[in-house]
2 protein chains.
Amino acid sequence: MRLADLTQHAGEWLRGEGPMYDVVISSRVRLARNLAGMPFLGKCTESQQQEIEQRLRAEVLAGPAAPEMFYVDVRAAGELDRKLLVERHLISRQHAEASHPRGVAVSGDETVALMINEEDHLRMQVLRTGFQLAQAFEDISRIDDSLEQRLDFAFHSRYGYLTACPTNVGTGLRVSVMLHLPALKMTGQIEKLFHAASDMHLEVRGLYGEGTEATGDFFQISNQTTLGKSERQIVSEFVDTMVPSFVQYERLAREALLAERPAAIDDKVARSVALLRSARLMSSDETMYLLSLVRLGANLRRIEGMDLKTINELFLLTQPAHLQRILNREMTPDQRAAARADYLRRKLNLN
Amino acid sequence: MRLADLTQHAGEWLRGEGPMYDVVISSRVRLARNLAGMPFLGKCTESQQQEIEQRLRAEVLAGPAAPEMFYVDVRAAGELDRKLLVERHLISRQHAEASHPRGVAVSGDETVALMINEEDHLRMQVLRTGFQLAQAFEDISRIDDSLEQRLDFAFHSRYGYLTACPTNVGTGLRVSVMLHLPALKMTGQIEKLFHAASDMHLEVRGLYGEGTEATGDFFQISNQTTLGKSERQIVSEFVDTMVPSFVQYERLAREALLAERPAAIDDKVARSVALLRSARLMSSDETMYLLSLVRLGANLRRIEGMDLKTINELFLLTQPAHLQRILNREMTPDQRAAARADYLRRKLNLN
């Protein structure tokens, strides 16, 4: 398994399968850990950073899952490869753009990504398609337990796991889901959801994490609290109460739209298909927005002949780095807009 | 020839033929006249208005062109018929919405429309497809001469023809062209043209005359001066200098766009075709805007398989009153948006 093989399919987080897949695109669990006896990354010398990278790299590639893992030396990787990893949600933007020694170990199915020397020495992530938070939590706990047998993580008996940023102290756990909420947006109810999320101490962000605008109709919702609750408490609140209620809001909004204004939905969906199949210039933001409406139409069975697997793949394959990798050439944004439109027309006019 | 027959074709002003038809949609000449010895319309009693209407109706239907003319008693006509006449540019909005005795005589080919009791007792109009102002002026002069042999028009030896509004005093002549200027609009040069027009004492308006927004990329440009120049001077300035220079600006802008950003044009045109062929809800404003871009694409030979005659007809046939007449039912704006989209899909997905 190599990085170059990744461009040919959708990646775990956009497979468009799994429980509640009509609303929940993907589920993600992340743990932050630091090696005891070493300064936090920002306080390290470069040789210490190198030491951490080498030590953690050896450990994460030595576990029982090692045969399925491949490692990317992110500092040595080219810009396009780093962007590719960001687009696939395998590393963060910050990790891609830094300059110190760092890397990521990824499982062949992309459900597991272990970032070394991101904000913390080790950031473990499990990503699963659809609403599979409980499963993702089981996976990450197993990985954490296995690594903890061989590594000494910085831990304080009162505060819990110590992290570079105080917002992660305690469990070091962050759980999040990527939701597709077009009906709440169309009916103007999305603001209410933002307020509800804020009341529940949840954070709402765009597709690519912190500091990004919510693109199209996708919203990433995550916990803000890592301290004072057990890991299982955090996960079970999210799994049992919060996510199901958001899913329910969106489903009700879709039903109401269909009952009251079916032509409004059909119009938006039909226009989206037509534009994706016809435009000559297309930005990745517009692509995302239009694909999300096509996805809605397919989920509501308002259109036929659109293959959901193709639609889900296109979300990712039309992103800047993926597009350049697939077409095997570097391009300016203008060139990409033309190439993206061509690629979409080719993919969507097959039948 | 009856009013009901008009809904099946495009009407003279949107036939899309004639000289410089790539930019000049239509040419229009209008003369304002009032009967000597009668007060202006606003000062008339209703019986005087009736007298004027009867007298002028008899005269306009007695001339040599009479066999080709049909008369619509606008006061007696239904609302839909009156709107239909407005959409075909055969009467003004004011004429449609007034309540006093009034009417219009129209030639079978719709090039001639003689409005009785609009702002003046008689408003004569000749409308021709493409850039045919000189021809239109010859036509209207002949009609004016013929009527003047039988009627005494209010005329002052110093000021010329007297009209209800001082802006028309003198020749009572207004000449105008409807221009299609998408490239000047796309390249942001349209404001310069507005300034130039203002410097030349020209007025720029939307599709339906005074007080209307310029819809899509259509602009009606007309003279503001009726006093102090002869009729032939006004027409020849317009014909020989002004209109050709505007046409030239637009053609240069189109060439520059094609040379520098062909994908930008192709994208706009392809999106317009796709939306017209796919949308489920469509307003008449959006229809106008999209059709104008399709027209541009066809004129620049950037698309094939679109019949220009169909496109030109659709501009008019998708207007609210036409649509309701064609589909033979009265509709709310929401119902029209759905019906219009259906009609467009049917018409544009034939081949």
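1. Topic: the overall build of chain A
Inference 1: Check the secondary structure of chain A and you find 12 helices and 10 strands.
Inference 2: Dimensions of chain A along its principal axes, counting C-alpha atoms only, are 65 × 45 × 30 Å.
Inference 3: Expressed as a percentage of the 351 residues in chain A, the buried residues total 57%.
Inference 4: Of the roughly 15000 Å² of accessible surface on chain A, 48% is carried by carbon and sulfur atoms.
Inference 5: Mean positive and mean negative side-chain charge positions of chain A (43 and 47 charges, respectively) differ by 3 Å.

2. Some words on the packing of helix H10 (residues 308–317) of chain B against helix H12 (residues 333–348) of chain B
If you want to describe how two helices pack, look at the angle between their axes and the distance between the axes.
All names here are of chain B.
Inference 1: The interhelical angle for the contact between H10 and H12, taken along N-to-C directions, is 165°, at an axis separation of 12 Å. The angle between H10 and H12 places the two elements in the roughly antiparallel class. The crossing of H10 and H12 is right-handed. Here H10 contributes Thr310, Ile311, Leu314 and Leu317 to the contact with H12, which in turn contributes Tyr343, Leu344, Lys347 and Leu348.
Inference 2: Each residue belonging to the contact of H10 with H12 can be placed in one class, and the counts come to six nonpolar, one polar and one charged.

3. Concerning the side chain of Thr318 of chain B
Inference 1: Topologically, Thr318 of chain B is positioned in the loop between H10 and helix H11 (320–327).
Inference 2: Of the residues examined, Thr318 of chain B reaches a relative accessible area of 1% and is grouped as buried.

4. Looking at the nonpolar core
Inference 1: Judged by nonpolar contacts, the single largest core of 57 residues is most densely connected at Leu114, Val177 and Phe238 of chain A.
Inference 2: With 10 residues, helix H7 (residues 231–260) of chain A is the single largest residue contributor to this core.
Inference 3: Summarising the domain contributions, this core has at least three residues from each of domain 1 (3–254) and domain 2 (262–347) of chain A.
Inference 4: With residues up to four places along the chain from it excluded, the contact list for Leu114 of chain A reads Val60, Met69, Gly103, Val104, Ala105, Leu122, Arg123, Met124, Gln125 and Ile143 of chain A.
Inference 5: Counting 56 residues, the second largest nonpolar core, distinct from the first, contains Met38, Leu173, Val177 and Phe219 of chain B.

5. What to know about helix H2 (residues 79–87) of chain A
All names here are of chain A.
Inference 1: Here H2 has its buried residues at Leu80, Arg82, Leu84, Leu85, Val86 and Glu87.
Inference 2: Of the surrounding secondary structure, the elements contacted by the buried residues of H2 are strand S2 (69–73), helix H3 (93–97), strand S3 (103–107), helix H10 (308–317) and helix H11 (320–327).
Inference 3: Two residues or fewer past H2, His89 is found with a positive phi of approximately 60°.

6. Some details on the side chain of Glu250 of chain B
All names here are of chain B.
Inference 1: Structurally, Glu250 can be placed in helix H7 (residues 231–260).
Inference 2: Glu250 gets classed as buried once you look at its relative accessible area, which sits at 0%.
Inference 3: If sequence neighbours within four positions are ignored, Glu250 has contacts with Val23, His180, Leu181, Pro182, Ala183 and Leu184.

7. Re the confidence of the model for chain A
Residue and element names in this part refer to chain A.
Inference 1: Summing up the model confidence of chain A, the mean pLDDT is 88 and the portion of residues at 70 or higher is 90%.
Inference 2: Across residues 210–214, where pLDDT falls below 50, the model places eight contacts with residues more than four positions away in sequence or in other chains.
Inference 3: Two numbers describe this predicted complex: its pTM, 0.84, and its ipTM, 0.82.

8. Remarks on the interface of chain A and chain B
How big an interface is tends to be stated in terms of accessible area lost as the parts join.
Inference 1: Opposite the 14 residues of chain A that make contact, chain B presents 14 residues.
Inference 2: Where chain A abuts chain B, roughly 1200 Å² becomes buried across the two surfaces, and 66% of that area is made up of carbon and sulfur atoms.
Inference 3: In this assembly, chain A and chain B are joined by two salt bridges.
Inference 4: A salt bridge links Glu286 of chain A to Arg271 of chain B, with the shortest nitrogen-to-oxygen separation between them at 2.9 Å.
Inference 5: Where chain A touches chain B, the interface holds eight residue pairs in polar contact (both at pLDDT 80 or more).
Inference 6: The residue makeup of the side of chain A that touches chain B, split by class, is eight nonpolar, one polar and five charged.

The rules we used
- Residues numbered from 1 in each chain as written.
- Chains lettered and ligands numbered in written order.
- Predicted model: local features only at pLDDT ≥ 70, side-chain atom pairs only at ≥ 80, totals over all residues.
- Heavy atoms only, no water.
- Helix = DSSP H or I, 4+ residues; strand = E, 2+ residues; numbered from the N terminus.
- Buried < 20%, exposed > 50% of the residue type's maximum accessible area, 1.4 Å probe, protein only.
- Areas by Shrake-Rupley, 256 points an atom, 1.4 Å probe, with all protein chains shown as cover.
- Lys, Arg positive; Asp, Glu negative; His and termini not counted.
- Charge placed at Lys NZ, Arg CZ, Asp CG, Glu CD.
- Axes fitted to C-alpha atoms, helices over the stretch in contact; angles between N-to-C directions.
- Parallel < 35°, antiparallel > 145°, perpendicular 65-115°, else oblique.
- Left-handed = near helix turned anticlockwise from the far one by under 90°.
- Contact = heavy atoms within 4.5 Å.
- Nonpolar A, V, L, I, M, F, W, Y, C, P; charged D, E, K, R; others polar.
- Core = buried A, V, L, I, M, F, W, Y, C linked by side-chain atoms within 4.5 Å.
- Domains from an automatic or database assignment.
- pLDDT = per-residue confidence, 0-100.
- Buried area = accessible area lost by both parts, 1.4 Å probe.
- Salt bridge = Lys/Arg side-chain N within 4 Å of Asp/Glu carboxyl O.
- Polar contact = N/O pair within 3.5 Å; in protein donor to acceptor, adjacent residues only side chain to side chain.

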